[in-house]
Structures are given as C-alpha cells and as structure tokens.
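Here are the chains, one letter per residue:
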Amino acid sequence: MTIQSQNRRVAYDGNGLTVAFDYTFRIQDEGDLTVILQSSAGVDAVQTITTHYTVSGVGDAGGGTVTMVTAPAVGETLSIFVDPDLTQLTDYSNGGTFPAQSHEDALDKLTLIAKRTRDIAERGLVLEDGDVSGAGQYDAGSNKITNLGNASASGDAVNKSTMDTAIAAAALGGSTSEIVGDGSFYRFDNLAYRLDETGAETRQLIAGLGDVLSVKDFGAVGDGATDDRTAIVAAVAAADDTGKVVYFPPGRYVVDTSAGEIDVSGVTLMGSYVFDGTNSGGPTLGSVLYLAGDATEPAFEFHSNTNVIGLGFWYTNQPDDASPTAYAPTFRGQLGVGAMNFVRFLDCTFYNAYDAIDFNVSTSVGHIFIDRCTIYAARYGIRINGNDEVVKITNSSFTPSHFTDGTDSGIRSYTKASGSAIRIDQASDGLWVSKCQFYGWNKGIDYDSGTSTFQHIVDNEMGQTLNAIYVGGCIVQSTIAANSFICFDNQTAATLGYCINFDSPSAAPKVAISGNYFAQTSGDHIRISDATYAGRYVISGNLFELMSRSQTSVHSAVNFSSANAALIFADNHVTGQGNAYANGVTVASATVAAIKSNTFQNTNEPVSLTSCANLIVRGNESFNSQAAPDFTGTITQTFRHTDNVWDQATSFSVASATSIEPPIGPLVNVTGTTTINTVFDQDAAVPPAGSVVMLKFNASVTVNDATTSSGNIRLAGGSDLSATDNDILVLVSDGAEMLELSRSVN
C-alpha cells in the first residue's frame, strides 16, 4: 500500500473528558507511533502503549485512533507522531518469486523513517534554503537554547552564566575602559544608550540615570527603623530649584522632625504610596514617610514651584487622645517671603497630622492645586492666610485621625470640637473646592476672617460636620452648588450644627446657594446672621430634609436675620418630620424677602416672619403643616402675597391705616386692630376682576366704606363695618374696586 499523506504529527489540548484522539497518517505497526503528554508546566512524559493508551487503525491509509486510558487534563497537550524503529527486516531469497508485498512494506517503512527524520530536522536550527554559502544565520524561531556551555573562545555563544559574570566584573571596576572607579563608586561615564523608540537619540547613561534622583541613591534605607532624614535632605539639595524629581521607592522612611524642617524649592517629591486600608499600626505599602520627633518644627518647608505627588505621611507617635500632640504642619510655606505660587499636592495621604498643609505665611499665595489627597488631621487639614490667585482643592477626602472607630473619643472628639478641614484666615481670592468629602469636623470650610471673593464650593459631600461651611469673615460673589450636607453630631444630639452658617460676615456677601441637598442636621440648615451689611442671598432649587434631633427648639431650612440684606428663596422643596420643631423659612429681619414657588411638606410653619421691609410671598404650596404661615411680624412697606396654596390659614397684622395687601384666595386671619380702608394686590393696585379676598377677624377692626373714606372698599349699604372676633368679610374685585360679596357677623 502506498503512503500518500505527508502528515507526520498531530497535537491536541486536553479538556479532562476526551480520551480518543485521531491520527491522520498510515502506520505499519502500533509501535510506529510515539505518544507524549506535556504538562501545563511544559514537562514532557512519553506514554507507554497498553499502560497509557491503545492504538487502532494500523495499516489504514487514513490513519486511526489513539485511545488514552486517562483523559488529558485541561492545560495538558497530547502529541502523536510517527517514530518507527530504525530496522530493515525484509529478506529476499535468490531465485525466488519477487515478494511484492514485502518489498512495498519495506519501502513504506523507509518512507516513515524519512518522515521522522525530516520532522526532527525541521525542528532544529537550520539555515534558510536560499543561503548557498552556508554563512548565514540560524533561526531559532524565538525558542530558548538550553544546556549551552560556558563561553571560552571569542567566537563562542554566550549563555546567561557567562553574561552575569561579565556584568558583575564590570560593575566592580573590571578592565573595561568605559568604567571608571574612584575607590567608592563607579560611574559609567562613557557608556551610551538609546531607547528603542522612534525618534529616540543616543545619550550618556550617567545623564539618563540623573534625570530622577532616588533617595536610596543618597543612602536612604526605607526599613521603618533607620532615620533617613540625612539622605532625604541630600537628595532634595541635589535637585534644588532644578525641577528634578526626588523619588521615594516603596519603603518606610523614618524622618526625625526635631532636627529641623527639610527645605524644598523647585523640586518634585514623588512616590508610589498605596492605601492599604490599615486602621491601626500605620500604613505600610508603597512610599511612606514615618514622621517622628518633637512638635516644634514642620517636616517640610516648601517654596514656589514645588510638587508633592504620591506620598504617604504618618505621625507614628500621635496618640489617639482628645488632646493630641500639636505637631507643627507637615508642610508649611516658607515664612517671610514674597509671592508663593505654583504648588501642587497630588495623590498624597496624611495620617494623624495635627496640621497637614499650611499656607499661613502672611504673604501672597496663588496657583495652588490640591487634588486626590486624603487628609486625616486633628486641627487643620489645609490652612490658607490670604491668596490673590486661584487655589483649587478637588477630589480630596478630609476626616479626623484614622484611629477613629465610630465612637466619640480620642482625636475625633477633638476634631469635632476644634477642627477645620479647610481654614481661611485672611482675605482670599479665587478659592475653588469641588468633589471633596468632609467627615467629622467642627467646620468643613472655615472662612474665619477677611473678605474672600470668587468662591466656588461645588459638588462636595459634607458628613457629620457641625458647620459644613462657616463664614466668620465674608465670602462674596460666591457659588455654593450641588453639594450634599448631613450636618449633625451623631453622638451628642443637643449640639447645634449648621450646614451653612454666615455668622456676622465682615462685608456684604453676594451668594448663590443652589441645587444642594440638605439632609439631617441638629440646627438650621442655612443660618444667615448679619446686622450690618446689605448682602444678597439667592437660595434656589435646593432640597431640604428637616430634622430637629434635639426636639427642644425649633429649627428651619433657612433662618435669616439680616436687617439690611435681601433674601430670595425660590423653587426649593422643604420637607420636615411633621412636628413642632421644624419650620420652613424663618425671617427674623430682612430688607427684602422674596419667597416664591416653594413646596413645604410636613413642616411646622412653612414661613415664619418677625420683621421685613418688603415681603413677597408668591406661588408657594404647603401640605401636612402643623401651623399656618406666620406673617404676624412687622411688614414695613409692602406685602405682596398671591397665588399661594396653604393647607393652614395664614395670619398677618395690618401695617397701614390706608391699605393692606393680603393674600388673594384662602382665608386670611386678621389679627391687627388698625382700621382698614383699602385692599391692594402685590403691585399696590386693585386686584384683577374676579379676585376674592376672605378676611376673618380675630379682634375688633373697623372696615371703612369708600363713601366715608378715600379707600376702594364698597360695603353693603354704604356703611362701615365694625367687625369683632370671628367675623368674616368676603370681598370680590370688579377691576376697579373691592365689592362686598358676603359677611358673617357672629
């Protein structure tokens, strides 16, 4: 039988199930096959016939099947190939009949042997067919060559052992002329390299290694025990004002802060800190500086053009105590200099600092960027004393010490009583705080003093921070938008908290507060107290969820007490707990208060007024209120009150003997005793024709008819009405005057 197939090898991947594997070439004997099972680690094991497999299809032109006793596992590879014995057993007898079949079998075996020989040759090192001279290159097909002996002659191939020996000899100052030794270290002065990238140029190796200065090149150990301060100082000094990177490889670098601050100018400090989630014992992964020593000196003093990237800082000796050690700041700006600009902190974490980053240098500060940092501090996370250019703080997290465990103890209690995540001590300009998280502070963003302009506080989360935004100075031309506030003391319900607290600002603010979510608080969500300045406050599009945790005093979504300031409260939704401790808007005093298009749900009083010069209440709605809106306070000039839907009847005092401007529609409780001559709408004009005013009197009041006064009220019979308690008068407008529709005299 002829052998027409050139196939000589097949291979299969194991799946743990299949045991039958086809081979696609003719064999003369089952021993002509070799079967190898290769493990997932690449180790070959020759299989034994009968013990490991059986063969069928011997002599068939199309081949047959190898059946394994055990199915090859996933990751194993089964190889089947022709490998006959190198024997010739055909014997011809002289003068005998030509043994055609035996002759053909012999030729077939020779063919099988040739196929195996070719298979071996093609798997070895070979020259290309076109290489006539034989001086070309051998192609190893990207395979390793193993068991290569050590090179001895100049033309020998080099194995890894020979190469390692040569490199070690060169590093120790061998005979290579390009390596220069001075007795302490060796410089590759003349060695050059080029990156395998398009456009790359050849450079000296020593120059390339100097682009980044590793603190370990200067003797730092990073073992968490050895003081590495001297090495770090040397590395920073070598990079001073060059813009070079001082790199901290992963390690724990001890720095004794009592030896003085490390001066950083025009340098990038860079590491690869990895937050390991440790709640005790301190951080251990990546590049961490262990700060130890006394509390008098900052760890670092920085100048302009400084970057700090990817480092962790941990105060190893800071106790978890309500009186933490008052360490100097981790980073403090250089004192007594001119402008300090272009400073960045990126991807840094501060553990147990008392003050983390301090720009309180009584100078001009600007172009400061703090991004993706985590600050666990006791007193101040970031402190700024005056900036005349932008300071941008984004994507960062501010919490008390990492030792806190959710109880009101240790550093957390101190931070909650005295800490400010971001503290502004003097006038600032261009502060942007966005996408940050604040948790467990007394004040989140603390404008302690000075007049600050162009403030943007956008898209932050304020959790369990008693005064999320505190303004003791003043912020003007400011936007507070898209923030989430949960501002209550989780441990002490009676402690008052305010989400936004304007506490007697030092100038006239112009503030837009919009699109925020105000959740639980133990005090007013927004408290504005200003006895002096004519500020303007626009509060719109917010969601307020009132919660009086103390249940002992009434709190409000907005508590406004600014006699010279204007309040616009519009398009907000206020929801309470349906008790007597949560009001909607409380206006103690204002020059203008416009309360428009708001929804009040489950509040005590939707609106409570004490004093206002100009009051506009329009398009509001309340439901499930405990009490009616209270307008019994003093309204000095106008009272524009229309299109409201109150679920409780409103009350107000008549402020003028010549005209009043009551709400149009619902029943109005008239609690004053002043004579009423005229009824106007919010534009001091006769209400539109068909408008109805229903007045219920809670005291003795005289309503004058137009025939006896200069008013616009036409009463039945042309006589004045002497109303008493519980009397009701219903008036309807004809577009020119108010006509009596009905009365109920009780």
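Give a detailed account of the pattern of salt bridges, specifying residues and quantitative values.
Counted by the stated rule, this structure contains twelve salt bridges. Arg383 is the salt-bridge partner of Asp425, the closest N and O atoms lying 2.5 Å from each other. Here Arg383 lies in strand β26 (residues 374-384) and Asp425 lies in the loop between β29 (420-424) and β30 (431-434), a separation of 42 residues in the sequence. The exposure class of Asp425 is buried, given its relative accessible area of 6%. For Asp459, the salt bridge identified is with Lys435, shortest N-O distance 2.7 Å. Of this pair, Asp459 sits in the loop between β34 (456-458) and β35 (461-463) while Lys435 sits in the loop between β30 and β31 (437-439); the two residues are 24 residues apart in sequence, bridging distant segments of the chain. Exposure remark for Asp459: the relative accessible area of 33% places this residue in the partly exposed category. Taking relative accessible area as the criterion, Lys435 reaches 47% and is therefore assigned partly exposed.

Residues and numbers for the pairing of strand β48 (residues 582-596), please.
In terms of residue burial, β48 counts as a mostly covered element, since eleven of its 15 residues are buried. Where strand β46 (residues 555-570) and β48 come together, twelve bridges link them in parallel fashion. Bridge assignment links Phe560 to a residue of β48, and that residue is Val587. When β48 meets strand β50 (residues 607-609), the two strands line up parallel, connected through three bridges. Counted as the bridge partner of Thr586 is Ser608 from β50.

So, unusual backbone geometry: which residues are in play, and what are the values?
Phi is positive for Phe342, which is not a glycine, with a value near 60°. Its location among the elements puts Phe342 in strand β23 (residues 340-346). Phi at Asn352 takes a positive value of approximately 60°, unusual for a residue other than glycine. Summarising the element assignment, Asn352 is placed in strand β24 (residues 349-359).

Before we move on, can you summarise the sheet that holds strand β7 (residues 77-82) with the specific residues and values?
The strand order across the open sheet built from four strands is β1-β7-β3-β4, with neighbouring strands paired in antiparallel fashion. One side of each edge strand has no neighbouring strand; the edge strands of this open sheet are β1 (9-13) and β4 (44-46). Strand-to-strand, the axes of this sheet are offset by a mean angle of 20°, without reference to chain direction.

Lay out the confidence of the model for the protein chain with the relevant residues and their values.
Confidence in the prediction of the protein chain, expressed as mean pLDDT, is 83, and 84% of residues score 70 or more. Contacts for the low-pLDDT stretch residues 172-186, under 50 throughout, to residues beyond four places or in other chains number 20 contacts.

Break down the sheet that holds strand β5 (residues 53-56) for me, citing the residues and quoting the values.
Taken in spatial order, the three strands of this open sheet run β2-β6-β5, and their pairing is antiparallel. Looking at strand neighbours, the two that pair on one side only are β2 (20-23) and β5, the edges of this open sheet. Shown here is a sheet whose adjacent strand axes are inclined to one another by a mean of 20°, direction ignored. Summarising the sheet, β5 and strand β6 (residues 64-68) pair through four bridges and their orientation is antiparallel. Along β6, the bridge assignment pairs Ser56 with Thr65.

Cut-offs and rules
Residues numbered from 1 in each chain as written. Predicted model: local features only at pLDDT ≥ 70, side-chain atom pairs only at ≥ 80, totals over all residues. Heavy atoms only, no water. Salt bridge = Lys/Arg side-chain N within 4 Å of Asp/Glu carboxyl O. Helix = DSSP H or I, 4+ residues; strand = E, 2+ residues; numbered from the N terminus. Buried < 20%, exposed > 50% of the residue type's maximum accessible area, 1.4 Å probe, protein only. Pairing = 2+ DSSP bridges. Axes fitted to C-alpha atoms, helices over the stretch in contact; angles between N-to-C directions. pLDDT = per-residue confidence, 0-100. Contact = heavy atoms within 4.5 Å.

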